[in-house]
Every structure is written in C-alpha cells, then in structure tokens.
Amino acid sequence: MKTKPARFLSLLLATTVACGVIVPVVMPAYVAEAATIGPLTTVWQTPIGEGTTLTHSEKAYGDKKSKIYITKVDLNNPYVEVKPIYGTNGNLTERQTITKMTNEAGAIAGVNSDFFNMSKKGAPFGVVVKDGETISSMGHLPYWYSLGITKDKTAFIEDFGFTGKVTAQSGNTLSLRGVNKEEYLSSAGKSHENQLNLYTPAFGKNSLGTISGYKGVVEVVVQNDIVTAVRENQPGTAIPSNGYVLWGHGTAASFLKTEFPIGSVAQVDYQSIASSKEWEQAMGGHLLLVKDGKALTKFTADGGVTGTNSRTGVGVSQDGKTLYLVSVEMSSSSRGLNIQEFANLMKEVGAYTAANLDGGGSQTLAVRMLGETEATLANRPKEGTERRVPTGIGVFNTAPPGELTGFKLSGPTETLIGQTVQFEAKGYDNHFLPYKVEPNQITWGVQGDTGSFSGNSYTPTHSGTSVITANVNGVESKMNIHVVSGAEVEQVIVTPTPLNVMPNQTLPLDIKIKTKKGQLVKATPLSVNASVNNDLAIVNDQLQLVVGDKEGKATLTVSYDGKTTTVPISIGATEQPWINFDNVTGISFEGNPAGLTSQGSFSLVTNQTDPVYGSRNSAKLAYDFSNSSPSANRFVYAKMGATPQVIPGQPFGLGLWVYGDNSHHWLRAEVIDANGKTLYVDLAKEIDWAGWKQVRGYFPSNAAYPLKLKSIYIANVAENAGLRPDMGTLYFDELSLLMPQGQQFTDIANHPAKKEIDYMTSKGYIKGITPTTFGPENSLTRAQYVTLLSRVFDWEIPTAANLTFKDSVPAYAEGAVQVAVSKGLIKGYDDNTFRPDKVVTRAEAAIILDRLVNQKGSKTVTLKDKNQVPSWASDAVQNVANLGLIDPVQGNFKPNSPTTRATFVVALYRVLHNYPIK
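Presented here is a report on the structure given in the accompanying data block. These figures come from a predicted structure and were not determined experimentally. (Residues numbered from 1 in each chain as written. Predicted model: local features only at pLDDT ≥ 70, side-chain atom pairs only at ≥ 80, totals over all residues. Heavy atoms only, no water.)

All right, on to the overall build of the protein chain then. For the protein chain, the count of helices and strands is ten helices and 66 strands. Along the three orthogonal principal directions, the C-alpha set of the protein chain runs to about 100 × 75 × 65 Å. Residues counted as buried form 52% of the 918 residues belonging to the protein chain. In the protein chain, once contacts between residues fewer than 6 apart in sequence are set aside, the share between residues at least 24 apart is 69%. As displayed, the protein chain has an accessible area near 39,900 Å², and 48% of this comes from carbon and sulfur atoms. Mean positive and mean negative side-chain charge positions of the protein chain (82 and 81 charges, respectively) differ by 6 Å. (Helix = DSSP H or I, 4+ residues; strand = E, 2+ residues; numbered from the N terminus. Buried < 20%, exposed > 50% of the residue type's maximum accessible area, 1.4 Å probe, protein only. Contact = heavy atoms within 4.5 Å. Areas by Shrake-Rupley, 256 points an atom, 1.4 Å probe, with all protein chains shown as cover. Lys, Arg positive; Asp, Glu negative; His and termini not counted. Charge placed at Lys NZ, Arg CZ, Asp CG, Glu CD.)

What follows is the structure, encoded as structure tokens:
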C-alpha cells in the first residue's frame, strides 16, 4: 500500500484504505471487457544473463494491445541468484528508483516488489530477507503472499509470517511485533500500539522515534547486546552499526523502562516463517493470483486493485525452479490489465503459483542488456518517470568472466543514400557478461553493394538492403540496414512551410524523408539535393538556407532520389509592435549561480532619468558578475513576468531595441514552445555597441506554436571572461514580433471581416484551419466556441477538469467548458449532456455573448425575422444586435443558422474594443 500526503490513495492496493486502515475485502471476479482476447505473441526475445531471458510480448484485448515483459529465470543454473534489492547503500527507508537500485546492487534485472506508504519514510509492508538475514519482517497481513527462496534455490510463493521475542537480563520476555516497520493498521490490529518493535541499521540512519498519535514512546539503544541508552518521547536516534534500537509503546514501553536499565543485557530472537522451510531470500508480495496451476477468480482487494492498470507480478513453476517476473506497461501505446486478466496472464506464461506485486506508478523493469555495463529502464512508467521505491526483486549473474562470444550492434536500421551513419559494437562473453572491446579492434564490413565503411561510419551510395558486420578475431555479429529508395518515399517534408526569413539570415533547414511505411528519416547535407530558384538565397553544404541582403520571394526545391518538393520562401517581415515596457508588470531579476541574484536588478525606468527609445518607459538591466567565479559560465536573467509571456500569433522572430554597454557579453532570449521545450534565441553574439541599436533573433524552424517568452538574458561564458567587464547596464525597449510578409490566409483577401481576423490571429486568439486558409464561413461547435472564449479572455484553466456531463468533452476543451459553466455562460442540456460537437446557432451565440458582456445596447435595431427567434433567446438576440456584436444579414438575424468563425471573431473583436469585460 502507498499513500500520498494528507490522505491515503489506493492505486494498486489489495486493501480498503481509510485513515491508514488495511482491511481485507473479498471481491468477486473482475468482469473482463467484452472483447476478443488474442494470444500472447512474442515481439522479441534475448538472453540477458546466465539462465535468464527477457521476452517482450504483446497481447490484444479487443482493439487494444498490452505490452508485456517477461523475465524468465532458471534457478537450476549455478550462476543465477535472485535476491531482494532495497533502499540506498543498505538503508531500507532511503528510497530510490529501481534502475538505480539495480545498478547499485550489481543485478542484471530488477522489478519493484512491495507496497509502502508514500507519505512516510517508506518502509515496506511486506517481508525482506536477504542471505538469511531479516531486513524487514512481514507485516501482520495474513492475506498477503510473498516470494521465498530456500538455500537449495527453490522458489515458493507462500503466506509469510513473523515471530520474535525480546528477553531481559531478568529472564522476562515480551513478544516482538516487527522488525524495521513503520506504523500501519490492519485487520490484525495496530502495528505499534502497546507493541514492541525492533530497528536495525538496515532501517536507515535513525530509529523511528516519536510518531503522531503516540505518547510515552520509549526507545532502548543496544550495542553488543548491552543497553547504552534509554530515551523517552524523543526523536529517532542513530542506530548503532553493532546493535539495534528497541521501540515500545504502552505496555511495551513499561516493559522496556522496567527491564532494560543502562548496562543491562538484552537478547533478541526472531525469524520469518512460512511453513517449515529455511528461507535464504524472501521478497514482499501481495495478492495470490494463481494457485495449483489455476488462475483465481476471487481476490482480497478493493476497486483500486481490480481495475485496469500497469502491473508487476511474480510466478513460480510447479517444481519451484523457474521464476517468472512479469511487467505489464500502461501507457499511450499499452492498455494495461485488470486483476483477473493479470491472473490469467500469469498462468499463461507458465506460473503454477503467482502473486501480484506493486503496480501503478511504481511498476518498473530495469534490465542490463547484452554488452551493456549498466541496467536501463525497459518499460515506460505510467507517470512518465520512475518513482522512488523501497524494495525490489533483483536477478544476478554470478558467473566469472569468460571469452568473447558476440556483440550487441547498435545503429540505424534505415538510412538514406549519401547519409553517413555510425555504428557501435559492445561485446559480451560466453556467460553473457559485458566484454570490453576497444573500437580499434573491430573490423567493420558490409555484405551488399549499398555503400562502404570508414572506421565505424557507413556511407550508402545505392538503395537496397545490406548486412552490417562487426568482427574481432573471428567473432562476428551482424545486423541489417535498409537504404531507402525514391520509389519508397511518400513525401519530402520541409518544416515549416512556407519559409519566412529575414535578409542576411542563416536558417538551418529541417528536412525529413517520409517513407510509404510512415517512417520519418531526418535528412543530412549529403542525402538530399537542395537549391533556390534565384539569387536571393542559397543552400550551403551544411544544409542551411543562407539569405542575401534583399527582400523578396523565392522557391526552395528539395529532392531525394527522384522524389521532389518545393517550398515558397518569403524574405522580409512585417514588424508588429508587442511590448513597449510602459505597462509591463511582474518583471524580476535572477542570477545563476544563485549568488548573482542579489547583485543585480531588472526594473522599469522613465525617460526623465534614463535612456528610453520609445514612449514613456524602458527596462533597465543592471548586472554584476564580480561575486562569482570567472572559471564557470554565468548568467543574469531579465524575467518578463511572474509567468512566461504568451507570444501572439506565429512570428518567426523577435526584434528588440537595446541600449548597449559595449561589454561584449552574449545576449539571448529564453522561449518556451508548445511542447514545453526551452528554445534559446540569439539576439547578439556580442554586445559590441554603445547606445541604441535594434537586434533580432529567430526561432528554430521546428518550434511548436504557440510560444512564450520567459526572459531576456546575458551569458558571460568562461572563455575569455577576463576580457569582459563584470559590471554593466543595458536598457531594453520596443520589443516587436517578426511576422511573415504578405497575406497569411488566402481565403480572406476580400472578406469583410479581414481586419478583425488579422487582428485576432496576430494576437494568437484563433488559428487558421491550415497555414494558408482561415475558413471564415466554417461553423463553430460548442467546444470550439467556449475554447475561443477562454483564449480571448485569458481564463484560468484548471489542470484537471471535473465535468459531470454524461457525454465526453474533447480534452482540449474540458477546462474551458468547466470555467464557462461555472461563470454561467453556457449550460448542458436537460438530459445532462453537453454535446460538444453540436454546431452553435446564431441565437445560441447571442445568449452566451449577452451573458458575457452583461450590458444593454443604447439603440434599437429592427430585425425582420424577430418572430422566428426562439422565445428563450429573444431578449439576448435583440440586445446583441443592439450592441452591434452580431450584424443582421439583410435585416434578418437568422437565429437558427450556424455561427461562422468570421461572425464570432468579429463579435469578440468588438467586445474587446468596445465592451471591456471586468
């Protein structure tokens, strides 16, 4: 079980959890989806160590697939060991990711195992026994099953327990509740109330100490079986490396105070129990899934466990000599499994007995692949990144170093004619251990006539399929490579299209070859032919577009093996004013290293005291690098607001007037794109002027719009830092946007709403339906209508919407719909549906606009079709017409006609300019 702070959450818990209580609830078999279940199919399989194979499989459930990773371990192999891995540097409660844990332990594979409480230190609820030593006792959870391995390397899945006692010098004894456990509450009672618990160095640096809700806690520190300290109601103390700490509450606290004065002798005896076997290793588990070769159909679990999720499980063959560690991914490309499906899967992979392990966000598989020296993440975690956990199951290869047997080859499987690619060969020995091979020992070759090698670099000259070979003293490995032909190409893609550049700009070209199979291969200078149709620009040998000093139009032609595309080039820009620093709020200063933050400032100044280029204000950046080492790169940031400023429209660059100080520092802008990626825009490689000068910077051609401006900053690089001053002052003014020249949309050149559309698109409120068409007469849906409102009026959108409509709202509109409903601007229908894809009529648009503006028109407009307006909309329609927000068409309002994109853009433009929303 895991919880988040302030409340317990059950993601993959075999429990009903309330206020920390672990209560078993017998649930009926989970009803599987009514869908066809396909066979378990192998995608690939590879050995990863002695007696250990990793298989990537897939299984279809209806029209969705689940990715399944099966680590199969042969315990008969003398070089295989399976042990618990836990914590960091032997400290159970210092959690870390399974990948780091696997590498620290030296394992070849690791999966997460036990459940734990995320709001506490994170001691596992289950058992951990390593090499016969109890690291953590089994919690008193009688329905949990765990993996145990005996000295003869036979595996079992059993219901583990714990027994122990503490004996005083007087001979009096008291039962021991647990070893290295944090507080929990189960059907077996409270783990710490009136109980005696033991803490060894494996728990962590300090003992448990006082905990919430418990008074009169006593801890006794024991070294070499002698009591050295008695502590009452104190925080946790250091656990001695040659001893332990006894923790008691209530009757156990009285026992400790009475029986263990300083200097007395203490004796502790305990063991993990499950049948009568002598356990060498044990790892905490969870629900039993398979018993006696049959998948179970009833589970002690709550709904959080039974539902579809990512999963980890462990299975054992009937003879106990084969272990199955099964990981099921849940991601955008993998469905996950419910508990019944998982039980069935564990039986299908070969388990005679199987148990569920922790899953959800904790589900992780780390593997050291052939030839590699470290384990890496094999699956995609549910939350995108690995969670830190306390325990896992590790698989070890204990074989001695052997002889070189083969290579793991890595490199592209597809490439383009003329495109040089590199290959790498990592060796492994006859025990599947990594074998170090120096690069100069490898002889590279190619079987086929598609190209040739130079070192480890391969350059194809013809299309076709060849075999790449790597050879060291007769040991050879191979892999196929396919060189794409023009006949296999669907499209040559240049991004963006069209290309918008400025005179004297150099733009790296982003060119990809899309095959008919849907694969994208990035082009390099020698793989494509690129040219410009006039002398306004050229393409250099680095696949960069180099523009001359004149404005105008040109065409770029790019071809690959007979497949060609052309892209228009527009040289020059329309400079659109954006920020003049007269009304900017929330600007701030920041330095890196952090000590620089107190050494400078970024503030607004007026033309009465400082240089100003435009109207009233400019922004002053004062910096001082003297309080930092010149041997490191140093930065000072002029942050443009408490949050990054949204850049309206789709400009291809920024313009900024800068009052320079001739410091020769590097001036850049920090921009965030729509994917959250940080883009660094060069404004001036060197500030080599004094006084006012306009600088310009350009966004990468593959930037995802919309963009946000985070800061303008100075970089003081370590190289030649002594030649540049530590202190200085810059002024910024008139920040502008470089917009593409000419008409952006071809379908509004003569449209009556052109002015309003141009304005609203330049502000980033609405986009075209393609890069060159706006679609002014296209109708708006309810979801689109509300989303547009949210952009124009900058609503604060919730990170997670909480809609109660019976039908689903598209993800892009969920937050906007919730805000619009809360503001009373729009409602659902009587059947509790929202109908997001329903076209908005002009009457419905009028209702929402009327509620939004909440003002009465001063004139009366005559509507010929007034009698056709629905009664529920008549007042709103008349008022919206009176306000001039929606114009009648030849005297008719046309209330039942669709609201077009142009109509709504014009209405919002007029609201912004005539009826400011408070």
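We are not done yet, so read on.
All right, on to the sheet that holds strand 49 (residues 520-522) then. Picture the strands of a sheet paired through backbone hydrogen bonds; they go either parallel or antiparallel. Taken in spatial order, the three strands make up an open sheet running 45-48-49, and their pairing is antiparallel. The open sheet is flanked by strand 45 (489-495) and strand 49, the only strands paired with a single partner. This sheet shows a mean twist of 25° between the axes of neighbouring strands, independent of strand direction. One ladder, built from three bridges, connects strand 48 (residues 510-515) with strand 49; its direction is antiparallel. For Lys514, the partnering residue across the bridge sits in strand 49 and is Leu520. (Pairing = 2+ DSSP bridges. Axes fitted to C-alpha atoms, helices over the stretch in contact; angles between N-to-C directions.)

A sheet is described by the order of its strands in space; here four strands give the open sequence 36-44-43-40, paired in mixed fashion. Looking at the sheet topology across the chains shown, the edges are occupied by strand 36 (414-416) and strand 40 (443-447). Each adjacent strand pair in this sheet contributes to an overall mean axis angle of 35°, direction not counted. Pairing analysis gives five bridges linking strand 40 to strand 43 (residues 464-472), with the strands arranged antiparallel. Bridge assignment links Trp444 to a residue of strand 43, and that residue is Ala470.

This part is about the packing of helix 6 (residues 782-792) against helix 10 (residues 901-914). Between helix 6 and helix 10, the shortest axis-to-axis distance is 12 Å and the interhelical angle comes to 30°. Compared by their axis directions, helix 6 and helix 10 come out roughly parallel. Helix-helix and strand crossings are classified by hand; for helix 6 and helix 10 the assignment is right-handed. Contacts between helix 6 and helix 10 involve Tyr785, Leu788, Leu789 and Val792 from the first element and Phe904, Leu908 and Leu912 from the second. Of the residues belonging to the contact of helix 6 with helix 10, the class tally is seven nonpolar, no polar and no charged. (Parallel < 35°, antiparallel > 145°, perpendicular 65-115°, else oblique. Left-handed = near helix turned anticlockwise from the far one by under 90°. Nonpolar A, V, L, I, M, F, W, Y, C, P; charged D, E, K, R; others polar.)

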